[in-house]
Every structure is written in structure tokens, then in C-alpha cells.
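# Summary of structural features
What follows is the residue order along each chain.
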Amino acid sequence: MILELDDVRVALGGSQILQGVSFTVAPTGVTALLGRNGVGKTTTVKAILGLVPRTGTIRFDGAGVHRLRTHEIVRRGIGYAPEDRGVFAKLTVAENLALAERRGSRHAYDLVYELFPELKTRGAQAAGTLSGGQQQMVAIGRTLLNDNRLVVVDEPTKGLAPKVVTEVAEVLERAAERVPLLLVEQNLALVKRLAGDGVVLAAGRVVHRGPVPDLLADAELTRELLGVGKAR
Ligand SMILES: Nc1ncnc2c1ncn2[C@@H]1O[C@H](COP(=O)(O)OP(=O)(O)OP(=O)(O)O)[C@@H](O)[C@H]1O
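The chain has the name ABC transporter ATP-binding protein in an unreviewed UniProt entry, where Catenulispora yoronensis is given as its organism.

Structure follows, in C-alpha cells:
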């Protein structure tokens, strides 16, 4: 397993948000982190990246990272595309990519431009003027620029039009051929297409994990815990 969480707990603003989260991420393919709004998916991702105070054990490629700071965790090889995409609006696309270059890493511009030709053609455009889908490409592109051994992507399709969701799905699919992904996603059709394993959170705990087809075949689970009717 590339990532292992054991009894991860997070308290924020006086509330216990994560109440002992444990799951593993496979070293290949896509693992989906699922659950209704507000159950703690983003907080889990932030705990992995060291962006919130947490207790418990987090192992990346066998080594404990739960006491490390964010920059140390990132340097070990975890890429992160946050929910808000985190692009620098006033900087150009090329500058956004250049800022992400990590010292000591190979910078795979060829790969990034092959996956996202638009990032090359729009290199001089201010990132804040890109569409939501294009900004998502910048956020994912940055994670692929460096030698990451795991990429965490938080709700990449949130607020995007259906056609753009399809484009982002294609990109994630191609990215996952190169690096394992931990994907927070509420679009179950996308999860069905991309993810091998799924982890379902409810109220700060893992309530189900297993192969995505099994999770989505359970009508009650999808309705009660994922808040939707059917995944097509
Ligand atoms: N800094 C904070 N202080 C207090 N409560 C917080 C803080 N950050 C998050 N929370 C609360 O923690 C809970 C989990 O939030 P989180 O963003 O992890 O959920 P989520 O599953 O990612 O939801 P969504 O799908 O809506 O993005 C929510 O109830 C949220 O209001």
C-alpha cells in the first residue's frame, strides 16, 4: 500500500471532525474517498498533507509522515490538487507551473503538455482568466510536473459543466496510468469509471470500504451514505 491511515483524528474549532479514520490507498490506480457533504473528506486530505493538526498514524510508502510538516510531506512525493485549485490568479499559466517545480525533481513538462496541450498554448494567459476546467488542468498538471508517488485530488469536477467533467475525467484517467490517485469525488458516474477501491466516510468515520462496483451496487448505501439515487 502506498498510503496507510490508522486512527487519524482531527479536532477543529472545538469539534471532533475526524473520529479515528483508517484506510489504505493502493499503489496503482484510483482510490475514491466518498461521502456526503461535510463528513470530513477534505479534512482527511488535509490531515494527510499536514494542513490541519492531527493525531494517529499516517504511513507513506512504509514511512511515518504524521509528524512531518506539509513541505516535508510534499517533498517525499505527495502531490496535491486542492478543492479551490490553488492557482495564482495574477500569474500566467507558465508561471504557475514554474512555481510548482520542486528542487531535486525531474520536471516533466513533456508529460504535462502532452496531457494538457492547452497549458502550452495558454502559457502566457493569466491563470485567473482561465475557465474552471482549465484551472483544474493547471492544478493537476502541477502535481504531474514533479516525481510524485501519490497524487491527492480534492473534488476536481465541483462546479464544472458536464462536458468539462468528461474532459477532467479523461485527464485523471491518463494521470492514473502513471501515478496512484486518492480522489475525493461526489460524481458517482465518474467514480465508477475511474476508481478501483472506494472508502466511504460518514460523520468523521470510515463506514465502508471495498471495490467501487460493490459499493455502488448497494442501493441503500448509495442513497443513505452518498446522497444520490443511482450511479449511471
Ligand atoms: N476550521 C474549521 N473549524 C470548524 N469546523 C470545521 C473547520 N473546517 C471544517 N470544519 C467542519 O468539519 C466538517 C467536515 O468538513 P470537510 O470539509 O472535511 O467535509 P467534506 O466531506 O470535505 O465536505 P464537502 O463535500 O462539502 O466538501 C464540516 O462540518 C465542517 O463544517
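What follows picks up the thread again.
Moving on, we come to the overall build of the chain. Along the backbone of the chain there are ten helices and ten strands. Scaling as 2.2 N^0.38, a compact globule of 232 residues should have a C-alpha radius of gyration of about 17 Å, and the chain matches this with 17 Å. Its C-alpha atoms give the chain principal-axis dimensions of roughly 45 × 40 × 35 Å. Scored against the burial criterion, the 232 residues of the chain give a buried share of 48%. Partitioning the contacts of the chain with sequence separation of at least 6, the portion at a separation of at least 24 is 68%. In the chain, 30 side chains carry a positive charge and 25 a negative one; their mean positions are 4 Å apart.

A few words on the site of the ligand. Around the ligand lies a shell of 14 residues, among which Asn37, Gly38, Lys41, Thr42 and Thr43 are the nearest. At 2.9 Å, a side-chain N or O of Asn37 approaches an oxygen atom of the ligand. Within the backbone of Gly38, a nitrogen or oxygen atom sits 2.8 Å from an oxygen atom of the ligand. For the ligand, the accessible surface in isolation is 640 Å², of which the surrounding protein chains cover 61%. By residue number, the principal contributor to the shell around the ligand is helix 1 (residues 41-49), which donates three residues. Here the residues of the shell around the ligand are counted per class, giving three nonpolar, seven polar and four charged.

So, on to the pattern of salt bridges. Under the criterion given, the structure shown has eight salt bridges. Glu83 is the salt-bridge partner of Lys158, the closest N and O atoms lying 2.8 Å from each other. In this pair, Lys158 sits in the loop between strand 7 (150-154) and helix 7 (162-176) while Glu83 sits in the loop between strand 6 (78-81) and helix 3 (93-100), placing the two residues 75 residues apart along the sequence. The exposure class assigned to Lys158 is partly exposed, which follows from its relative accessible area of 45%. For Glu83, a relative accessible area of 26% corresponds to the partly exposed category. Among the salt bridges present, the one from Arg193 reaches Glu173, with a minimum N-O distance of 2.8 Å. In this pair, Arg193 is assigned in helix 8 (residues 188-194) and Glu173 in helix 7, connecting sequence segments 20 residues apart. We classify Glu173 as partly exposed; its relative accessible area is 31%.

Bringing the nonpolar core into the picture now. Ranked by size, the top nonpolar core spans 46 residues in total, and within it Leu34, Phe116, Ile140, Leu144 and Leu172 carry the most contacts. The biggest single contributor to this core is helix 7, with seven residues. Ignoring anything within four residues of it in the chain, the contact list for Leu172 reads Ile140, Val153, Pro156, Leu181, Leu183 and Leu194. Within the second largest apolar cluster, 28 residues are counted, among which are Leu3, Val25, Val45 and Val199.

At their nearest, the axes of helix 6 (residues 132-145) and helix 7 sit 10 Å apart, and the two run at 10° to each other. The orientation of helix 6 relative to helix 7 falls into the category roughly parallel. Taking contact as the criterion, the partners of Gly133, Gln136, Met137, Ile140 and Leu144 in helix 6 are, on helix 7, Val164, Glu167, Val168, Val171, Leu172 and Ala175.

Our focus in this paragraph is the environment of Ala124. Structurally, the position occupied by Ala124 is in the loop between helix 5 (117-121) and helix 6. Ala124 gets classed as exposed once you look at its relative accessible area, which sits at 71%. Expressed as a C-alpha distance, the spacing of Ala124 and Leu91, which sit 33 residues apart in the sequence, is 8.8 Å.

A regular strand carries its side chains on alternate faces of the sheet. As paired strands, strand 1 (residues 3-12) and strand 2 (residues 15-25) are joined by eight bridges and run antiparallel to one another. Pairing of Leu5 across the sheet is with Phe23, part of strand 2. A loop of two residues connects strand 1 with strand 2, the two strands running antiparallel in sequence, and Gly13 in this loop sits at a positive phi of about 55°. Pairing of strand 1 with strand 4 (residues 55-60), which is carried by five bridges, proceeds in the antiparallel orientation.

Reading guide: rules and limits
Residues numbered from 1 in each chain as written. Predicted model: local features only at pLDDT ≥ 70, side-chain atom pairs only at ≥ 80, totals over all residues. Heavy atoms only, no water. Helix = DSSP H or I, 4+ residues; strand = E, 2+ residues; numbered from the N terminus. Rg over C-alpha atoms; globule rule 2.2 N^0.38 Å. Buried < 20%, exposed > 50% of the residue type's maximum accessible area, 1.4 Å probe, protein only. Contact = heavy atoms within 4.5 Å. Lys, Arg positive; Asp, Glu negative; His and termini not counted. Charge placed at Lys NZ, Arg CZ, Asp CG, Glu CD. Near = heavy atom within 4 Å. Polar contact = N/O pair within 3.5 Å; in protein donor to acceptor, adjacent residues only side chain to side chain. Areas by Shrake-Rupley, 256 points an atom, 1.4 Å probe, with all protein chains shown as cover. Nonpolar A, V, L, I, M, F, W, Y, C, P; charged D, E, K, R; others polar. Salt bridge = Lys/Arg side-chain N within 4 Å of Asp/Glu carboxyl O. Core = buried A, V, L, I, M, F, W, Y, C linked by side-chain atoms within 4.5 Å. Axes fitted to C-alpha atoms, helices over the stretch in contact; angles between N-to-C directions. Parallel < 35°, antiparallel > 145°, perpendicular 65-115°, else oblique. Pairing = 2+ DSSP bridges.

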